[in-house]
Amino acid sequence: MPGRPLPVADDLSASFWAAAAEHRLVIARCFRCNELTHPPDLVCPHCHHTDPQFRFEPVSGSGTVCSWTVLHQSFLPGFDDDLPLLLVDVRLDEGDVRLIGRLLGGADAALRAGSRVTVTFEDLAPGVAIPAFALVPEA
Amino acid sequence: MTFKRDAVAVAGYAQSPIVRHFDRTLGAVALDTAKQAITDAGLRVDQIDGFTSSALFPTAGAHAMQDGVSMVTSNWLAEHLGVNPTYVSGFQGVGQLPGSVMLAVNAIASGAATHVLVHRALHNPAGSYHGNPMQEASGSNQWTAPQGFFGPLAMIGMTYNEYLQRYGACRESMAAVLVEARKNGARIPWSYWHDRPLTADEYLAAPLVSEPICRYDADIPVDGVACFVLTSAERARDLPNKPVYVRGFGMGAPTRRRLPLHWPLDDLYEVGTETARRLWTTSGLGPGDLDVPQLYDGFSPFVYFWLEVLGLCPVGEAHRLVKDGGIDSDSRTGLPVLSGGGALGNGRMHGVPQMLECYLQLSGRAGERQREKATVGLACHSSPHFGGAIVYGADV
Ligand SMILES: [Zn+2]
């Protein structure tokens, strides 16, 4: 049985995946304009500098749910045992950075736009972990 | 910048049957459809000196891209028609059909070509349309595929849910969109859904694929080809059919870098509003002038998004408009936004049903479906923030 697809690190993403393997979320910051970008690009999408020398900085991993979808069918291998699969669209507290990941803890979680979440990680293979999210209990 | 309104016209067309699978190759059907369109325009094949199109095969799967089989480029079509054209070009962006039409407009207005054939050939491969056996997620896929966010159904589920949450809308309202699209598609002889309308109950009983999207919210993959012949307005007036002019256009692309297939609602409204502004600026018209506003509906929520960015209803109100019968093309007060059946009522023809309905209505060639007043049309394709639209006009 084929497993889930695994991320293939490249020159731009190597720092991100190395940190993720240690369960740390880091986001690229442009040395010139200081803006955060995800995913990183060849050129800074804010100031268009062609050599943004991204620094991958730790972020809090806290954020707000903007939307979500529950998948009942996957077009990729390795997910069938996890269906239905709840994916959340999260805006990080650090700015206009949006991540999409699984919300761990079941597809019937009580979600609303504005729900607070924090990053966690799914270990997919030795040395390979990807960001996911967990609900922060409402006060 | 001043757009040259009504300088170029659509002079003829042909539409193949839209079926699940052709019993011939896509290329063979494309050639026959092209010849039919050229004849329809009152021209001979050797008079066609320009070819424009997009050959995009819109699958997330790992299907082979083979010219003449799974897609058809303009170069392939010209070569196999036995023509050596002065101008051939393929459109690279999203909003493939309006993009291809604009390449033709530019070629004709500049004098690079005289008669241009615009075509779109779409293929439904054997097996799963979007299924992909990927084990290594490289390039842009690395950011989302390992999480399971992959393919356009997950994409639109996320955006549609953001809309439902923000505006307090419910899935039930969308039934009116599906019923309207399939009602009109059922009246169209070449449609995959000919004679097969859909009820609201059938729509609401369908299993969810990517909540809140069910299978009926997505157009069905098909084999189908459509061709249009464009020429200068001046020459079009000497040809057999009533000319339908290109009066204005609007195109847009996302301005913020996002994850692949991530379409936040704010991005969509921001860029979509600018796309609409460009439509009104180039055409000199506004939303109240449209007799035949054909909205793109490859996924049903696009109908809401286009209604709102075009100003046909206030932002956040489209779900109420459709629920209250506001897009019933048989009603005197309804906006006929899906009178041509759209993608949901024809099959995955990527903007063709919208353009074709504008052409047929504005040229007075819609037969039993002909609307009384049809002099200004709009044909949209894709999302308002990642696509385009053309305003068509006819002589009153
Ligand atoms: Zn920068």
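Since the model is a prediction, treat every value here as computed from it, not as a measurement. (Residues numbered from 1 in each chain as written. Chains lettered and ligands numbered in written order. Predicted model: local features only at pLDDT ≥ 70, side-chain atom pairs only at ≥ 80, totals over all residues. Heavy atoms only, no water.)

> Would you mind going over the overall build of chain A with me for this structure?
Along chain A, the regular secondary structure elements total 1 helix and 9 strands. Along chain A, helices (α) and strands (β) appear in the sequence β-α-β-β-β-β-β-β-β-β when read from the amino end. Along the three orthogonal principal directions, the C-alpha set of chain A runs to about 45 × 40 × 25 Å. Look at the contacts in chain A between residues 6 or more apart in sequence, and 50% of them connect residues 24 or more apart. (Helix = DSSP H or I, 4+ residues; strand = E, 2+ residues; numbered from the N terminus. Contact = heavy atoms within 4.5 Å.)

> What should I look at first to understand the coordination of the zinc ion in this one?
Think of it this way: four donors in a tetrahedron around the metal ideally sit 109.5 degrees apart, and six in an octahedron ideally sit 90 or 180 degrees apart. Residue and element names in this part refer to chain A. Distances from the zinc ion to its protein donors, Cys30 (SG), Cys33 (SG), Cys44 (SG) and Cys47 (SG), fall within 2.2 to 2.4 Å. The coordination sphere of the zinc ion comprises 4 donor atoms, whose angles at the metal cover 107 to 113°; the geometry is tetrahedral. For the zinc ion, the single-chain donor residues occur in sequence as C-x2-C-x10-C-x2-C. A residue pair is termed long-range when its members are at least 10 positions apart, and Cys30 in the loop between β2 (26–29) and β3 (36–37) and Cys44 in the loop between β3 and β4 (55–58) qualify at 14 residues. (Donors = N, O, S within 2.8 Å, 3.2 Å for Na, K, Ca; no water. Tetrahedral: all angles 85-135°; square planar, octahedral: opposite > 155°, others 65-115°.)

> How should the sheet that holds β3(A) be read in this particular structure?
Strand pairing in a sheet is mediated by backbone hydrogen bonds. Such pairs are either parallel or antiparallel. All names here are of chain A. With antiparallel pairing, the 3 strands of this open sheet are ordered in space as β3-β2-β4. In this open sheet, the two edge strands, each paired with only one partner strand, are β3 and β4. With 2 bridges joining them, β2 and β3 adopt antiparallel strand pairing. Looking across to β3, one finds that Ala28 is bridged to Thr37. (Pairing = 2+ DSSP bridges.)

> Honestly, the packing of aromatic side chains in this entry has me stumped. Any pointers?
To describe a pair of aromatic rings, one takes the distance between the centres and the angle between the planes. Following the criterion strictly, the structure yields 16 aromatic pairs over all chains and no others. For the ring pair A:Phe16 and A:Trp17, a centre distance of 5.0 Å and an interplane angle of 90° mean the geometry is edge-to-face. The exposure class of A:Phe16 is buried, given its relative accessible area of 3%. Look at A:Trp17 and you get buried, because its relative accessible area is 8%. Connected via pairs of aromatic rings, a cluster forms that spans B:Tyr163, B:Tyr167, B:Trp263, B:Tyr269, B:Tyr296, B:Phe299, B:Phe302, B:Tyr304, B:Phe305 and B:Phe386. For the cation-ring pair, B:Arg182 lies above B:Trp193, with the distance from its terminal atom to the ring centre recorded as 3.6 Å. (Phe/Tyr/Trp six-rings, centres within 6.5 Å; stacked < 30°, edge-to-face > 60°. Buried < 20%, exposed > 50% of the residue type's maximum accessible area, 1.4 Å probe, protein only. Lys NZ or Arg CZ within 6 Å of the ring centre and 35° of its normal.)

> Please explain the domain arrangement of chain A as it appears in this structure.
Note on interface size: it is often stated as the accessible area lost on association of the parts. Residues and elements named next belong to chain A. By domain assignment, chain A separates into domain 1 (8–58) and domain 2 (60–139). Using C-alpha coordinates to define each centre, domain 1 is positioned 21 Å away from domain 2. On the side of domain 2, 13 residues touch domain 1, which itself brings 10 residues to the contact. Of the roughly 960 Å² buried between domain 1 and domain 2, counting both surfaces, carbon and sulfur atoms make up 78%. In this assembly, domain 1 and domain 2 are joined by 0 salt bridges. The element best represented in the side of domain 1 that touches domain 2 is helix α1 (residues 14–21), accounting for 4 residues. The residue inventory of the side of domain 1 that touches domain 2, partitioned by class, reads 7 nonpolar, 2 polar and 1 charged. (Domains from an automatic or database assignment. Buried area = accessible area lost by both parts, 1.4 Å probe. Salt bridge = Lys/Arg side-chain N within 4 Å of Asp/Glu carboxyl O. Nonpolar A, V, L, I, M, F, W, Y, C, P; charged D, E, K, R; others polar.)

> Sorry, what's going on with the pairing of strand β8 (residues 224–232) of chain B here?
Across a regular strand the side chains alternate sides, sitting on one face of the sheet and then on the other. All names here are of chain B. Counting buried positions along β8 yields 9 of 9 residues, so the element is predominantly enclosed. Here strand β1 (residues 8–15) runs beside β8; their pairing, made up of 7 bridges, is antiparallel. What sits directly across from Val10, in β8, is Leu230. The pairing of strand β4 (residues 115–122) with β8 spans 8 bridges and is classified as antiparallel. Counted as the bridge partner of Leu117 is Val229 from β8.

> Would you explain the pattern of salt bridges in this entry?
Two side chains that carry opposite charge are able to pair once their charged atoms sit near each other. Residues and elements named next belong to chain B. The final tally for this structure, using the stated rule, is 31 salt bridges over all chains. Across the pair Asp46 and Arg44 runs a salt bridge, and its minimum N-O distance is 3.1 Å. Relative accessible area serves as the criterion here: at 58%, Asp46 is assigned to the exposed category.

> Just to check I follow, could you spell out the side chain of B:His319 for this structure?
Residue and element names in this part refer to chain B. For His319, the location among the structural elements is in helix α10 (residues 318–323). A distance of 3.1 Å separates a polar atom in the side chain of His319 from the backbone oxygen of Gly316. Beyond its immediate stretch of four places on either side in the chain, His319 contacts Tyr163, Tyr167, Gly168, Ala169, Ser173 and Tyr304. (Polar contact = N/O pair within 3.5 Å; in protein donor to acceptor, adjacent residues only side chain to side chain.)

> I would appreciate a short explanation of the side chain of B:Arg258 in the present structure.
Mapping B:Arg258 onto the fold places it in the loop between β9 (244–251) and α8 (265–283). A relative accessible area of 13% places B:Arg258 in the buried class. Here A:Asp96 takes part through its side chain, which lies 3.1 Å from a polar atom of the side chain of B:Arg258. Within the structure, the side chain of B:Arg258 is placed 2.7 Å from the side chain of B:Asp267, a separation counted as a polar contact. Among residues more than four places away in sequence, those in contact with B:Arg258 are A:Pro39, A:Asp96, A:Arg98, B:Pro264 and B:Asp267.

> Quick question: what am I supposed to make of the environment of A:Ser15 here?
All names here are of chain A. Assignment of secondary structure puts Ser15 in helix α1. When its relative accessible area of 40% is taken as the criterion, Ser15 is described as partly exposed. Counting along the chain gives 12 residues from Ser15 to Ile27, while the straight-line C-alpha distance between them is 9.3 Å. Among all residues touching Ser15, those that are not within four sequence positions of it are Val26 and Phe56.

> What is the right way to look at the environment of B:Thr86 in this model?
All names here are of chain B. Residue position: Thr86 is located in the loop between α2 (74–81) and β3 (87–90). Separated by 154 residues in sequence, Thr86 and Pro240 have C-alpha atoms that sit 25 Å apart. Here Thr86 is in contact with Asp49, Ala112 and Ala113, once residues within four sequence places are set aside. Engagement of the side chain of Thr86 in a polar contact is seen with the backbone oxygen of Ala112, the distance being 2.9 Å.

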